[in-house]
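# Summary of structural features
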Amino acid sequence: MSKQKILLVDDEKDILELLTYNLEKEGYKVITAKNGSEAVALAKAHHPDLILMDVMMPEMDGMEACRLIREEGTMNNIVIAFLTARSEDYSQIAGFDAGADDYIAKPIKPRVLLSRVKALLRRSPSSQNGAEPTTGLIIDKSRYLVIKDGVEHSLPRKEFELVALLASEPGHVFTREVILSNVWGNDVVVGDRTIDVHIRKLREKLGENLFKTIKGVGYKYEE
C-alpha cells in the first residue's frame with residue numbers, strides 16, 4: 001500500500017519542521033507549504049489524503065485556501081483540518097462554513113496530533129477499498145456515492161459518512177454519542193438537532209423507512 005499523503009501548511013518554519021519530522025516518522029508522506037496560495041497549488045498537484053492547515057497566513061489565509069480547494073470537484077473529498085491558536089466559537093464556525101472537517105487548536109503535543117491524524121485519515125476515501133455492498137444499498141467510498149435501486153446519489157460529506165456508518169451494521173442501534181464521535185468528531189460542538197436534520201435529509205433522498213429512530217437512544221439502519 002502506498003504511503004498516505006499529508007499536506008502541511010503553516011507560515012512558521014519551526015512548526016513545519018517539527019510536525020513534518022513526527023509525521024514522517026510515522027510513515028506518512030509529507031508535503032509542505034508556507035501559505036494558502038502554495039497550499040491550493042500543491043493540493044491540485046498531489047491530491048493529498050489530508051490537509052493540515054494554519055488559518056492566519058500571509059498572501060492567502062487558510063479559510064480562503066479551503067474554499068478554493070472545496071470548489072474544485074476533484075478535491076472535494078480531501079479531509080481538511082485547521083491548525084490554529086484561535087479558539088473562539090465564531091472562528092470555528094467560519095472554518096466549518098469554509099469546508100473544513102475538523103479544527104485542531106495549537107499548541108498540540110506531537111503524540112496527540114498523531115492520534116488525531118489517524119482518526120482524520122479514517123474518514124478519507126483512500127482508507128477504504130472500493131464499494132461496500134450492504135442490504136439494499138451500495139456504499140461506494142471511492143467515489144463518495146450511495147447507490148440505491150440502481151440510482152446513484154451524490155451526498156454531502158456528512159450525510160455520506162452518516163449513512164455509511166449506520167449501514168455498516170444493519171439492525172445495530174448507534175447512539176447519538178457514537179454518531180457524533182464518528183461523523184463529526186469529539187472536538188466539534190454540534191447538537192442533537194444536527195443529527196436529526198441529516199437523518200431527515202437522508203430519508204428524503206433514500207427512503208423514509210431505512211433509518212429508524214430509537215427514542216432516547218439514537219438511530220439504526222434496516223430494510
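This report concerns the structure included in the present document.

Conventions we followed
- Residues numbered from 1 in each chain as written.
- Predicted model: local features only at pLDDT ≥ 70, side-chain atom pairs only at ≥ 80, totals over all residues.
- Heavy atoms only, no water.
- Patch = residues over 30% accessible without salt bridge, like charges linked within 9 Å, V, L, I, M, F, W, Y side chains within 5 Å.
- Areas by Shrake-Rupley, 256 points an atom, 1.4 Å probe, with all protein chains shown as cover.
- Salt bridge = Lys/Arg side-chain N within 4 Å of Asp/Glu carboxyl O.
- Lys, Arg positive; Asp, Glu negative; His and termini not counted.
- Charge placed at Lys NZ, Arg CZ, Asp CG, Glu CD.
- Helix = DSSP H or I, 4+ residues; strand = E, 2+ residues; numbered from the N terminus.
- Buried < 20%, exposed > 50% of the residue type's maximum accessible area, 1.4 Å probe, protein only.
- Pairing = 2+ DSSP bridges.
- Axes fitted to C-alpha atoms, helices over the stretch in contact; angles between N-to-C directions.
- Contact = heavy atoms within 4.5 Å.
- Phe/Tyr/Trp six-rings, centres within 6.5 Å; stacked < 30°, edge-to-face > 60°.
- Core = buried A, V, L, I, M, F, W, Y, C linked by side-chain atoms within 4.5 Å.
- Parallel < 35°, antiparallel > 145°, perpendicular 65-115°, else oblique.
- Left-handed = near helix turned anticlockwise from the far one by under 90°.
- Nonpolar A, V, L, I, M, F, W, Y, C, P; charged D, E, K, R; others polar.

Glancing now at a negative patch on the surface. A cluster of acidic residues, Asp11, Glu12, Asp14 and Glu17, forms a negative patch on the protein surface. Positionally, Glu17 belongs in helix H1 (residues 13-25). Taking the relative accessible area as the measure of exposure, Glu17 reaches 47% and is therefore partly exposed.

On to the sheet that holds strand S5 (residues 102-105). Reading across from one edge, S2-S1-S3-S4-S5 is the order of the five strands in this open sheet, with parallel pairing throughout. The two strands at the open ends of the sheet, each matched to only one other strand, are strand S2 (29-33) and S5. Each adjacent strand pair in this sheet contributes to an overall mean axis angle of 20 degrees, direction not counted. Pairing geometry for strand S1 (residues 5-9) and S2, over five bridges, is parallel. Following the sheet pairing, Leu8 is matched in S2 by Thr32. Relative to strand S4 (residues 79-84), helix H3 (residues 62-71) is tilted by about 175 degrees, and along the sheet it contacts strand S3 (50-54) and S4.

Turning to the packing of aromatic side chains, a few remarks are in order. Taken as a whole and assessed by the stated rule, the structure comprises two aromatic pairs. With a centroid separation of 6.2 Å and an interplanar angle of 75 degrees, the aromatic rings of Phe82 and Tyr103 are classed as edge-to-face. A residue pair is termed long-range when its members are at least 10 positions apart, and Phe82 in strand S4 and Tyr103 in strand S5 qualify at 21 residues. Just as Phe82 is buried, Tyr103 falls in that class too.

Val146, Val163, Leu166, Ile179 and Phe211 are the most contacted members of the largest nonpolar core, which totals 25 residues. Contributing elements (two or more residues each) for this core: strand S7 (137-140), helix H6 (157-167), helix H7 (176-184), helix H8 (192-206) and strand S12 (218-221). Once residues within four sequence positions are removed from consideration, Leu166 is found in contact with Phe174, Ile179, Ile199, Phe211, Tyr219 and Tyr221. With 23 residues, the next largest nonpolar core counts Ala33, Met60, Met63 and Ala65 among its residues.

This part is about the environment of Met56. Among the structural elements, Met56 can be located in the loop between S3 and H3. Relative accessible area serves as the criterion here: at 48%, Met56 is assigned to the partly exposed category.

We now examine the packing of H6 against H7. Viewed as axis vectors pointing N to C, H6 and H7 meet at an angle of 130 degrees, and their least axial separation amounts to 10 Å. With respect to H7, the element H6 is oriented oblique. Where H6 crosses over H7, the handedness of that crossing is right-handed. Counted together, Lys158, Glu161, Leu162, Leu165 and Leu166 of H6 and Ile179, Asn182, Val183 and Trp184 of H7 form the full contact between these two elements. Its residues assigned to classes, the contact of H6 with H7 shows six nonpolar, one polar and two charged.

As for its position among the elements, Asp49 is in the loop between helix H2 (36-46) and S3. It is Lys5 that comes nearest to the buried, bridge-free Asp49 among opposite-charge side chains, at 6.2 Å.

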